[in-house]
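Listed below are the residues making up each chain.
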Amino acid sequence: MASVPRSFLLLSIIPTILILCADFACCNTGRKTGDGLDTDFSGFSVPLEHSFEVDDVSRFRMRGALQLRGGRETSVSLSQSQLSEEDRKTLKEVAAVDGLYKIRVPRVSLTDRQTERQMDGYLTAFVRACSLVESHLSDVITLHTDVSGYLIGVSIVTIPGACRGTEVEDEVDLEAFNTTLTIIAPTNAPQPETALFIERMDIEHEKRGKPQEQKSFFAKYWMYIVPLVLFLMMSGAQDQSGGGAANGGGR
Amino acid sequence: MKSSVKMAKLTSLFVILLSFFCISEAVFEDQVGKFDWRQQYVGKTLFAHFESNTQSSKKMFVATDKNIFASFNSRTGDLLWRHVDKTGPEGSIDILLLHGQDALMVVGDGRLLRSWDTNIGGLNWEAVLDTGSFQAACFVAIQDTVKLVAVLKKAAISLHYLSNGHQKWVENLPDSDAVQYQAVYSGGEEEVYVLGVVPNSHLTIIAYSLEDGEIIKQRSVEASWLSSIESSCVVVGQGVLMCVDPATLALYTLPIQAEETPEFSQILLQSLDLEVFPGFQPVLVSSQPHPARSPLSEFFLQLGPDHHVLLQLNADGYTIAPLRDFQPAFLVSFATTGKKTVAAVMTPKNETACAINLFSVDSGRRLLDTTVLFPLEPNGGKPHTLYVHAFLKKDDSVGYRVLVQTQDHALTFIQQPGRVVWTREEALADVVTMEMVDLPLTGTQAELEGEFGKKADGLFPMVLKRLSSQVTLLQAWLAHLWKLFYEARKPRSQVKNEVTIETLSRDEFNLQKMMVMVTASGKLFGIDSKSGSILWKHYLENVQPNAAFKLIVQRTTAHFPHPPQCTLLIKDKDTGLATLHVFNPIFGRKSHIALPALPRPILQSLLLPVIDQDYAKVLLLVDDQYKVTAFPSTKNVLQQLQEMASSIFFYLIRSDQGNLSGFRLRKDLSTERIWEVVLPTEVQKIVAVKGKRPNEHVHSQGRVMGDRSVLYKYLNPNLLAVVTESTDTHPERAFVGVFLVDGVTGRIIHEAVQRKARGPVHFVHSENWVVYEYWNTKSRRNEFSVLELFEGTELYNSTVFSSLDRPHLPQVLQQTYIFPSPITTMEATLTEKGITSRHLLVGLPSGAILSLPKMFLDPRRPEVVTEHSREENLIPYAPEMPIRTEWFINYNQTVARVKGIYTAPSGLESTCLVVAYGLDIYQTRVYPSKQFDVLKDDYDYVLISSVLFALFFATMISKRLAQVKLLNRAWR
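Every value quoted in this text rests on a predicted model; they were computed, and no experiment measured them.

1. What to know about the state of the cysteines
Moving on, step 1. For the coordinates displayed, the defined rule picks out two disulfides over all chains.
Moving on, step 2. Disulfide pairing is shown between Cys130(A) and Cys163(A); the S-S distance is 2.0 Å. Classification of the bridge connecting Cys130(A) and Cys163(A) rests on its S-S torsion, roughly 90°, and on that basis the disulfide is right-handed. Of this pair, Cys130(A) sits in helix H3 (residues 129-134) while Cys163(A) is found in the loop between strand S7 (151-158) and strand S8 (178-184), placing the two residues 33 residues apart along the sequence.
Moving on, step 3. Here Cys233(B) is linked by a disulfide to Cys243(B), with a sulfur-sulfur distance of 2.0 Å. Judged by the sign of its S-S torsion, about 105°, the bond between Cys233(B) and Cys243(B) is right-handed. Taken together, the residues span a long stretch of sequence, with Cys233(B) in strand S18 (residues 233-236) and Cys243(B) in strand S19 (residues 240-245) at a distance of ten residues. One exposure class covers both Cys233(B) and Cys243(B), and it is buried.
Moving on, step 4. Residue Cys138(B) stays outside any disulfide, its sulfur separated by 16 Å from that of Cys233(B), the closest cysteine.
Moving on, step 5. Sulfur of Cys566(B): no disulfide; nearest cysteine sulfur belongs to Cys912(B) and is 19 Å away.

So, in structure tokens, the structure goes:
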């Protein structure tokens with residue numbers, strides 16, 4: 001173990017930091033752990049792109065910019081522009097042919113700042129264009145990260161999510177997105193609850209055990225035992241003295 | 001005071017609950033073997049020996065590639081005893097030598113030397129050998145008795161006493177870096193010879209003194225043509241090394257024991273009038289009947305795939321005389337009994353059989369009346385190895401039995417004059433995947449079904465049809481009665497109840513099914529689930545050893561008159577190229593259906609619920625260019641696919657890139673990528689992905705809680721459970737990730753991380769729950785965790801589930817428990833309608849199969865018992881999961897090395913059929929909620945019917961009495 005090369009040690013430290021960061025990132029309970037990790041992570045932005053085409057061939061265009069802020073408390077905000085006239089028309093056309101509305105974000109890491117933050121590739125998700133139209137562009141976008149703060153997935157749903165075929169007449173309803181944006185980190189799965197169980201068992205034991213412990217065998221039956229012992233002692237003493245007398249007599 | 005009463009109440013409830021579970025499982029003594037069976041296997045034979053050379057001996061010994069040393073009863077083929085060693089190279093058997101009562105075995109590439117008592121299979125002794133890879137071993141005799149065994153390793157040779165395994169001496173081999181020592185030879189002299197080679201340079205011969213391991217002589221012989229002793233040389237006659245050189249087509253001889261530096265003498269094969277099959281590497285086969293004597297001077301030379309010659313080395317030591325030419329001859333083998341040695345030769349006879357004959361070794365003459373026929377199965381493998389057990393008969397002639405191993409790992413034991421005594425299908429020791437298929441209906445049932453299936457064509461023909469089918473039914477019934485009557489007269493022992501492929505038919509409750517098993521060797525089996533007898537087998541040749549299999553039931557038995565149809569997708573793991581084998585699962589026959597051409601590697605296969613006009617489900621195969629091939633691809637299917645294309649989604653997983661992506665089918669059968677989730681491989685790697693079983697039914701949509709409200713389950717049929725393991729394996733930082741991903745939208749439904757955990761992860765995904773098991777690196781124990789998903793107290797859309805329209809994430813509940821044993825595999829029970837409560841079937845390394853009620857794995861188990869939880873029958877939380885021996889469904893029938901458990905519903909809701917496979921195969925039934933829909937075996941029919949009759953008569957009599965009384969009163 002002593003011959004572990006130094007580079008390995010270094011390597012093994014980095015993920016620990018990452019994990020710690022992720023830990024802090026995911027907790028929304030406001031846990032305070034003030035040690036050296038207070039470095040200010042100024043936010044950075046990544047593009048959020050969308051694509052909706054009648055022929056279902058993806059052509060991604062800019063929809064807005066995601067402001068990501070890593071660090072202790074991961075936060076995310078979205079600034080997006082309104083849909084243009086042309087876009088609105090296309091979207092309605094796509095909805096009419098039951099096409100898809102796709103979004104994508106580049107793969108990034110929220111914590112790892114120095115090394116390549118942006119990896120190749122995108123994370124893609126989709127929703128039926130008709131449901132987006134019928135919900136008047138109210139969508140919920142969720143970003144998922146893994147333990148070390150990499151974005152691993154994105155999802156989009158609309159509320160309501162159904163396509164009922166209701167016509168959206170008012171063009172104004174399709175101008176601006178009403179987006180709810182959340183970022184979700186993995187939850188920690190529970191460990192077996194041994195401590196609580198033992199505590200409970202102890203309480204149970206105490207409750208059941210106390211009266212029995214108090215009343216031991218002697219405590220319960222002292223009224224019988226004491227007279228018996230007394231009686232035996234008395235009779236034994238008599239016997240001894242009697243025996244002694246007899247012995248004495250024999251000499 | 002009040003609380004203590006409550007607590008007492010609680011504990012008593014707990015006890016009652018527990019006792020309730022206790023009685024639920026376990027079999028009664030008289031039920032043993034009634035509904036279950038077990039078959040034990042050993043694997044592909046590497047070494048086989050027969051006990052002794054007498055006619056009455058019954059034992060034979062095999063060592064296999066599954067690291068098993070076993071003994072068979074050669075009369076029945078049953079296992080006498082079996083030793084299952086560790087899997088992998090640690091337990092691999094390098095060599096098996098047999099001498100008298102002792103079986104010597106080198107295990108684990110020269111790690112251990114073991115001696116077994118062959119009578120009872122007990123271990124005599126075990127010696128740990130020095131490090132170094134194993135090369136060869138042989139018995140060494142001192143003054144005509146075999147007392148020692150020599151083990152040659154890469155850099156050392158050691159001698160051990162046979163009696164106790166103690167080492168007599170060990171010597172390092174000189175110059176072992178340059179010289180590859182490959183053979184050790186002892187011919188009963190005072191020396192033991194070690195042969196080594198420097199490839200294409202020279203041969204080294206070292207003679208060690210038996211007494212103290214001193215090097216007596218060391219010779220180096222020029223041999224620029226020689227590259228390996230193992231593959232091209234044998235020792236024949238009085239210590240003459242015989243080598244064959246495929247380049248110059250010549251035999252070389254060299255006296256090992258010569259005093260002066262010897263030289264190879266060359267004999268061209270041409271001079272013996274022998275010709276080598278082009279491109280074939282000639283092989284020499286010799287025999288040393290007794291380790292205390294030198295080998296025979298006769299030997300076989302194989303010149304082609306089916307050409308052998310028996311040759312004899314003359315006494316001068318460098319001339320050779322051909323004795324007999326065998327062409328065609330597949331296999332040859334020597335066998336010795338007493339002083340006589342014979343050669344057995346297998347020659348092809350006709351399409352369906354091979355003939356085996358004995359030949360005298362000295363003269364090459366054929367021995368009379370020694371022909372044995374070996375039947376070649378039409379769908380079996382070719383003969384691979386011949387093991388001959390020769391013995392002297394009473395009239396001093398040689399008799400023999402023969403064990404033939406075929407390429408499909410089957411062992412067939414044949415006795416003169418050609419009777420197959422037994423066959424063992426050792427391919428079943430490595431089952432890869434299996435399915436259970438319903439048996440077909442009987443003819444009459446099928447007739448009725450057919451009637452309903454046909455289109456109505458008028459009233460009169462319908463009536464006629466009905467009448468005719470009823471006549472046939474009557475006929476069948478009468479025939480059945482007659483058979484019953486006929487059989488009742490015969491003594492019971494003669495009534496055969498054998499299952500054959502002709503008599504197969506579905507029983508009343510569909511408890512008997514056809515098990516279709518696919519083995520790693522490429523042999524398919526059809527096994528009757530009731531008796532375990534093999535009804536058909538089919539060997540697929542040209543299956544690569546590393547192939548992956550996927551078995552798909554395309555058409556079940558329900559579509560009479562169309563036969564059921566299974567498709568086996570065989571994929572070469574290296575190239576990714578796939579082939580299809582379509583067959584009828586009841587008879588094993590290959591279907592003559594036009595198969596699609598699959599020129600590109602296949603990434604994914606998916607079975608659609610779409611059926612073609614012949615009721616076969618459509619199989620889609622996605623190749624590496626994301627193009628889709630449909631099978632069957634009739635016009636009807638293509639049309640349906642076009643119509644449905646926009647609602648056909650599928651996913652692909654590339655675990656090497658951590659990439660999960662979803663696709664949607666386009667009308668022209670191309671695909672478009674619609675979602676992508678990437679798990680960085682630097683952090684974690686995907687180890688397994690499981691969806692739900694398509695034939696699973698969930699009866700209740702929710703759970704009724706204590707306050708009478710309903711908690712609805714999140715039943716997403718498209719949900720995938722993705723399990724990952726961290727790349728960092730440090731115990732403090734290792735973790736296991738569990739992702740629940742919707743397979744249609746790619747939405748991550750839930751993402752959880754089990755810290756300080758490591759695989760191997762076993763998990764089951766069913767209904768609305770996922771149960772997984774992992775190793776806790778901190779506490780060093782196995783733990784079970786259960787995840788359950790609920791929609792909440794209200795359903796979003798109660799009529800239909802659509803992944804595209806479920807905006808709200810489900811509530812996820814999770815609980816973790818300690819499990820006191822490691823596990824090897826896990827599966828959940830499955831029943832027809834999903835009413836019966838579920839159990840988890842857990843295969844333990846001990847060979848037991850544990851039926852664990854799902855009730856114990858319920859994240860709603862309360863820490864503190866309340867009125868509501870008691871109402872719901874929730875068991876209070878306890879961190880440790882119990883293992884009760886009554887829960888072992890296979891009582892003492894341990895299943896060695898359980899690899900998989902397959903569950904199938906039966907026609908009875910209470911009953912689930914279970915097959916556990918690994919080295920052994922075990923089939924049984926389980927009743928997770930007991931047999932609520934079956935009358936017990938000991939149900940008292942007599943009592944209930946007599947009570948009924950008594951009541952009936954009592955009412956009749958009392959009625960009559962009442963009438964009389966009324967009449968009398970009226971008269972009064």
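Here the narrative resumes.
2. Overview of the side chain of Glu725(B)
Residue and element names in this part refer to chain B.
Moving on, step 1. Relative to the elements of secondary structure, Glu725 occurs in strand S50 (residues 719-726).
Moving on, step 2. With no salt bridge to any partner, buried Glu725 finds its closest opposite charge in Lys685, at an N-O distance of 4.6 Å.
Moving on, step 3. If we ignore the near neighbours within four places in the chain, the residues touching Glu725 are Val683, Gln684, Lys685, Val687, Phe735, Val736, Gly759, Pro760 and Val761.

3. A closer look at the sheet that holds strand S1 (residues 37-39) of chain B
Within a sheet, each strand pairs with its neighbour through backbone hydrogen bonds, oriented either parallel or antiparallel.
Residue and element names in this part refer to chain B.
Moving on, step 1. Read from one edge to the other, the open sheet built from four strands follows the order S1-S62-S61-S60, with strand pairing classed as antiparallel. Both edges of this open sheet fall to S1 and strand S60 (900-905), since each of them pairs with a single strand only. Strand-to-strand twist across the sheet, computed as the mean angle between neighbouring axes with direction ignored, equals 15°.

4. Considerations on the sheet that holds strand S42 (residues 617-623) of chain B
Residues and elements named next belong to chain B.
Moving on, step 1. Here three strands make up an open sheet; going across it, the order is S41-S42-S43 and the pairing antiparallel. Pairing within the sheet leaves two strands with one partner each, and these edge strands are strand S41 (602-611) and strand S43 (628-631). Between one strand axis and the next, the sheet turns through 25° on average, direction left out of account.
Moving on, step 2. Note: S41 against S42, six bridges, orientation antiparallel. Its bridge partner being in S42, Ile602 is matched across the sheet by Asp623.
Moving on, step 3. Sheet strands touched by helix H5 (residues 635-644): S41, S42 and S43. Its angle to S41, the strand with the most contacts, is close to 95°.

5. A short note on the confidence of the model for chain B
All names here are of chain B.
Moving on, step 1. In the predicted model, chain B carries a mean pLDDT of 87, and 94% of its residues have values of at least 70.
Moving on, step 2. Across chain B, the secondary-structure element scoring lowest on mean pLDDT is helix H1 (residues 2-24), at 43, and the one scoring highest is helix H7 (residues 941-971), at 95.
Moving on, step 3. Between residues 1-24, whose pLDDT stays under 50, and residues either more than four places distant or in other chains, the model counts 17 contacts.
Moving on, step 4. Both scores are available for the predicted complex, with the pTM at 0.84 and the ipTM at 0.77.

6. What to know about the interface of chain B and chain A
Moving on, step 1. Each partner contributes to the interface: chain B provides 54 residues, whereas chain A provides 50 residues.
Moving on, step 2. Buried surface at the junction of chain B and chain A, both sides included, amounts to about 4200 Å², of which 57% is carbon and sulfur.
Moving on, step 3. In terms of surface lost to chain A, no three residues of chain B exceed Arg733(B), Glu751(B) and Arg755(B), which account for 16% of the buried area on that side.
Moving on, step 4. Taken together, chain B and chain A are joined by one salt bridge.
Moving on, step 5. Taking the shortest distance from any N to any O, the salt bridge between Lys102(A) and Glu672(B) comes out at 3.2 Å.
Moving on, step 6. At the boundary of chain B with chain A, the tally comes to 15 residue pairs in polar contact (both at pLDDT 80 or more).
Moving on, step 7. Elements represented by at least two residues in the side of chain B that touches chain A include exactly H1, strand S46 (671-678), strand S51 (735-742), strand S52 (748-755), strand S54 (769-776), strand S55 (781-792) and strand S56 (811-819) of chain B.
Moving on, step 8. Taken together, the residues of the side of chain B that touches chain A sort by class into 28 nonpolar, eleven polar and 15 charged.
Moving on, step 9. Sheet analysis places strand S9 (residues 187-188) of chain A next to S52(B), joined by two bridges and oriented parallel. Note that in S52(B) the partner of Thr187(A) across the bridge is Ala752(B).

Conventions and cut-offs
Residues numbered from 1 in each chain as written. Chains lettered and ligands numbered in written order. Predicted model: local features only at pLDDT ≥ 70, side-chain atom pairs only at ≥ 80, totals over all residues. Heavy atoms only, no water. Disulfide = S-S within 2.5 Å. Helix = DSSP H or I, 4+ residues; strand = E, 2+ residues; numbered from the N terminus. Buried < 20%, exposed > 50% of the residue type's maximum accessible area, 1.4 Å probe, protein only. Lys, Arg positive; Asp, Glu negative; His and termini not counted. Salt bridge = Lys/Arg side-chain N within 4 Å of Asp/Glu carboxyl O. Contact = heavy atoms within 4.5 Å. Pairing = 2+ DSSP bridges. Axes fitted to C-alpha atoms, helices over the stretch in contact; angles between N-to-C directions. pLDDT = per-residue confidence, 0-100. Buried area = accessible area lost by both parts, 1.4 Å probe. Polar contact = N/O pair within 3.5 Å; in protein donor to acceptor, adjacent residues only side chain to side chain. Nonpolar A, V, L, I, M, F, W, Y, C, P; charged D, E, K, R; others polar.

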